[in-house]
Structures are given as structure tokens and as C-alpha cells.
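Residue strings, one per chain:
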Amino acid sequence: MSENRLSLNLYGVIIELSFEDREAKERIKHYFRPFLKDSSSPHHVFEIGKKSIRIDEALVNGFHQTSPLLLEEVIFYINVTFWREVKGYLVIHSGAVKKGRKTLLFPGYSGSGKSTLVFWFFINGWEYLSDDLISIEFRSKRICPYPIPLRLKNPPMKISRLLEKISDIRLDFFAWGDESFYYLQPRKSFKEPLWRPEDRYVFIFPHYSPGENFSFRKLNTKETFTQLISHCINFSSHQKEAFELIFNLVEKVAGYDLIYGKFEQIEATRLDEEVFN
């Protein structure tokens, strides 16, 4: 394969990327290293220029025209291609961490605060699984991590200071005007599928809004089902299988609603102790 190209296998979705800029190629190669795999039969071909992206020879624009970073756009289009094309998996917009036989999943929309939660648990000894997407295989019911970098945009000063003290990660920082971007990638990526009957799983649905008072409450099964289904990105493509999978999940996995308005509120609580006691 050409030195300017690389190939990804995202749970069966094969994407070949070619780059005009070597630095961009090296960053994407590192960010997606758990999914690197040579292939001569890609489903889609990305051509990454310095100011443009073509997918299958078509110029793409519109979704993120105002993005300050080409890297953000490349990651965005890789993710979209993945969840649109993947077969046999339900894709959930969610972060996730694990410790031993305990796994926390944080389904939420962009800006809901799930990345902040993932970061907090990671620096407190939990393994990083995903910042943005989690897939569940319909057949085996296994949860499949998506360990590309944890991305923080304009984090509070306290998080920025904490970032400077972490040693077991690769940290990339980008600034654009008044905005700051941090890409965090642990030295070890966890990609193995999860699901053992003896393991314990919990959904925490974050809702971040500056200035809000802290609230944390357990949801009933119906509430968990309603919230979870709203974060299933490819639900419409697999309605029957997805409905059955979600129904079975919420019968076994507890859900909690979390509202917070500042990082210090998360620091002051022990959410893991509350949900796993």
C-alpha cells in the first residue's frame, strides 16, 4: 500500500484513505490504530486534501463547513460512514468506561457532557472504551468499543490543568481563535467485545447545562427504554432487531438520569458507588 494511504476495518466496514498531508495521515493512523488493516477491496475511498475531502470521488461539504480542523471533519465522515454502513450492529451515541466487571455507558447527544464524564472516570482508574460511539452486536449481544481519541472542546480550566498531569496518554492540543481542542488517547486501547453474564452494566444519561443544579435519579424501565432508543443512531435501518435488543437490555440494565452544571459537581460525587451498590 502507498505510504500516503491507509485502510481501516470498522467492524466490517472497510475504508481506504489517501492523504495529501503526511501529518494528517499520521494522526488518523494513530487515532484509528485499533482498526488498521490492509485491504484491497474497500467499500469506500476517502481522498483527504489539505482543504477538502472526497468520498468515492464526490466532494463532500455541508455537514461541518465551519469546523476549524480538517481532522475533525475526517473523523466525522469516518464515523458517519461507519454507522450508516455497518451490518449486524446497533450503534449508540455513547461514551463508555470499564473497571473489572463493571461497565458504565453514557448515551447522550453532542454537548450533553458525556465526554467530561468519560474523562473523569478515566483519570480515576477506569479503562477507556469510547468517547462517542458504542456498537452492540445483534447476534451475540456483545458490546463493542470504539476507542478513537477522547475529544474535549473548550474544557474548563480545571480539566485543562488535570490534563497536564496525566502521563499514560497521548495528548494533542489544537487552538483555533478562541476555541481549544484536546485529543486524548490512552497508550493502551481496549477493543475486545464485552458481555459476560456475571458482568454489571449501567446506563447514565448525562444532561449538561451551565449553571444547572446537580440531579441524579434512577429511571424506571420505560424511561430507560425511551431515553436509550433516542440515542440509537442506526435504529431506523434495523428496527425489528434494534427494538428487541433494546427491550431486552433495559430489562437487565439499570438506567440513571444525570443533570449537572459544572465539573465540580461530578468531582464531588461517587456515581459508580451509587449505581453499583
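Above this text you will find the structure in question.
The phi dihedral of Tyr-11 is positive, around 50°, even though this residue is not glycine. In this fold, Tyr-11 is placed in the loop between strand 1 (5-10) and strand 2 (13-19). Take Tyr-11: its relative accessible area is 15%, and that puts it in the buried class.

Turning to its location among the elements, Arg-33 is positioned in the loop between helix 1 (22-31) and strand 3 (44-48). Judged by relative accessible area, Arg-33 falls into the partly exposed class, the value being 25%. There is a polar contact of 3.1 Å between the side chain of Arg-33 and the backbone oxygen of Pro-186.

With that settled, consider the sheet that holds strand 2. Ordered in space as 1-2-3-4-5, the 5 strands form an open sheet in which the pairing is mixed. The sheet is open, and its two edges are formed by strand 1 and strand 5 (58-60), each paired on a single side. With strand direction ignored, the average angle separating the axes of adjacent strands in the sheet is 25°. Judged from the 3 bridges that link them, strand 3 and strand 4 (residues 53-55) form a sheet pairing that is antiparallel. Pairing of Glu-47 across the sheet is with Arg-54, part of strand 4.

Rules of the game
Each chain has its residues counted from 1, running along the sequence as written. Where local features are concerned, this predicted model is filtered to residues with pLDDT of at least 70; where side-chain atom pairs are given and counted, the filter is 80 or more; whole-chain, interface and lining totals use all residues. Hydrogens and water are ignored here; the side-chain numbers use all heavy atoms of the structure. Helix and strand definitions here come from DSSP, where helices need a minimum of 4 consecutive H or I residues and strands a minimum of 2 consecutive E residues; each element is numbered from the N-terminal end. Whether a residue is buried, partly exposed or exposed follows from its accessible area with a 1.4 Å probe, protein chains only, as a fraction of its type maximum: under 20%, in between, or over 50%, in that order. Polar contacts, as used here, are pairs of N or O atoms within 3.5 Å; protein pairs need one atom able to donate a hydrogen and one able to accept it. Residues neighboring in sequence count only if both atoms are side-chain atoms. Here, strands pair whenever DSSP counts at least two bridges between them. Helix axes use the C-alpha atoms of the stretch in contact, all axes being lines fitted to C-alpha atoms, and the angles between their N-to-C directions lie in the range 0 to 180 degrees.

No statement about biological role is implied by the geometric values presented.
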